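Reading the structure
Each chain, letter by letter, is given below.
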Amino acid sequence: AAFGVEVDYRIISIAQIHPDLCERDSRLCYSGIDNKFIDGNGEITVFLSHGDSRIEGRASYTSRSRASHLRGVAFATLDAVSKHVSSKINNSFELITSEIIDAGGKSVTLVTLCDEQGQHFIGSSFVRENHDDAVVRAVLDALNRRISRFAPG
C-alpha cells in the first residue's frame, strides 16, 4: 500500500516488523592476521571487525610445526572473540582440536571447541588462500551464531 501496488491479500500476506524487533547482524568478521617468528618465538595477531570497531586477539607459540602454528591462530582468534563478548557472556571457549582434512579433494579446516559447561562446538572452512585464514573462519563458524546473541550493540 505504501508503494501504491495492489495486492490480493487472499494470496499474498505482508507484514511489517518494527525496527527494534529486527535481528541485527552482529557477527564478527575476519579482517586480517599478522604473523611474526623471531628467535624461536612466534606471535600471531588476529584482527576481527564488528561494525566500525576492530578487535585484536593475540597468541604466542614456540614450535615451528604447522600444527603448533595453526593452534596459535585458533588461540588468537579465541582471544579476540573473548574480548568482544567478555562484558556480555560469562563463558570462555577452549580449543580441543584444529586440523586440516581432505573433503572431496579440497582441504578443509575443522576446529572443535568446548565451553565451560561442556557444550561442544564445531566449525569448518575450506582452505582458500592459506591455512591461517581458514582456521580463523572455522573458529568464527563454530561461534558466531552463539556469540551474536551476546554481542555489544
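Residues numbered from 1 in each chain as written. Predicted model: local features only at pLDDT ≥ 70, side-chain atom pairs only at ≥ 80, totals over all residues. Heavy atoms only, no water.

**A short note on the nonpolar core**
- Grouped together as the largest cluster of nonpolar side chains are 28 residues, with contacts concentrated most on Leu48, Leu113 and Leu143.
- Among the secondary structure elements, those contributing two or more residues to this core are strand 2 (41-50), strand 3 (53-61), helix 1 (66-85), strand 4 (93-103), strand 5 (106-115) and helix 2 (131-148).
- Contacts of leucine 143, omitting those with residues within four sequence positions, involve Leu78, Val81, Phe93, Leu113 and Phe121. (Core = buried A, V, L, I, M, F, W, Y, C linked by side-chain atoms within 4.5 Å. Buried < 20%, exposed > 50% of the residue type's maximum accessible area, 1.4 Å probe, protein only. Helix = DSSP H or I, 4+ residues; strand = E, 2+ residues; numbered from the N terminus. Contact = heavy atoms within 4.5 Å.)

**Observations regarding the pattern of salt bridges**
- Throughout the structure, instances matching the rule amount to four salt bridges.
- Among the ionic pairs, arginine 58 bridges to glutamate 56, the shortest N-O distance being 2.9 Å.
- Its relative accessible area of 43% is what places arginine 58 among the partly exposed residues.
- The partly exposed category is assigned to glutamate 56, whose relative accessible area is 34%.
- Here aspartate 79 makes a salt bridge to lysine 83, at a shortest N to O gap of 3.3 Å. Here lysine 83 and aspartate 79 lie together in helix 1, a separation of four residues that amounts to about one turn.
- Through salt bridges that share partners, Glu43, Glu56 and Arg58 make up one connected network. (Salt bridge = Lys/Arg side-chain N within 4 Å of Asp/Glu carboxyl O.)

**Points about the sheet that holds strand 4**
- The strand order across the open sheet built from three strands is 4-5-6, with neighbouring strands paired in antiparallel fashion. Among the strands making up the open sheet, the edge pair consists of strand 4 and strand 6 (120-126). Sheet twist, expressed as the mean angle between neighbouring strand axes with direction ignored, is 20 degrees.
- Judged from the ten bridges that link them, strand 4 and strand 5 form a sheet pairing that is antiparallel. Residue pairing in the sheet places threonine 97 in a bridge with threonine 112 of strand 5. (Pairing = 2+ DSSP bridges. Axes fitted to C-alpha atoms, helices over the stretch in contact; angles between N-to-C directions.)

**A word on the packing of aromatic side chains**
- Considering all chains together, one arrives at two aromatic pairs under this definition.
- Between phenylalanine 37 and tyrosine 61, the ring centres sit 5.6 Å apart and the planes meet at 40 degrees, which makes this aromatic pair tilted. Highlighted residues: phenylalanine 37 in strand 1 (residues 29-38) and tyrosine 61 in strand 3, separated in sequence by 24 residues.
- Residues phenylalanine 93 and phenylalanine 121 carry aromatic rings whose centres are separated by 5.9 Å and whose planes lie at 75 degrees to one another, so their mutual orientation is edge-to-face. Here phenylalanine 93, found in strand 4, pairs with phenylalanine 121, found in strand 6; they are 28 residues apart in sequence, far enough to count as distant. You'll find phenylalanine 93 and phenylalanine 121 in the same group, each marked buried.
- The ring of phenylalanine 47 carries arginine 54 above its face, with NZ or CZ at 4.2 Å from the centroid. (Phe/Tyr/Trp six-rings, centres within 6.5 Å; stacked < 30°, edge-to-face > 60°. Lys NZ or Arg CZ within 6 Å of the ring centre and 35° of its normal.)

Function-wise, these values are silent; they only describe arrangement.
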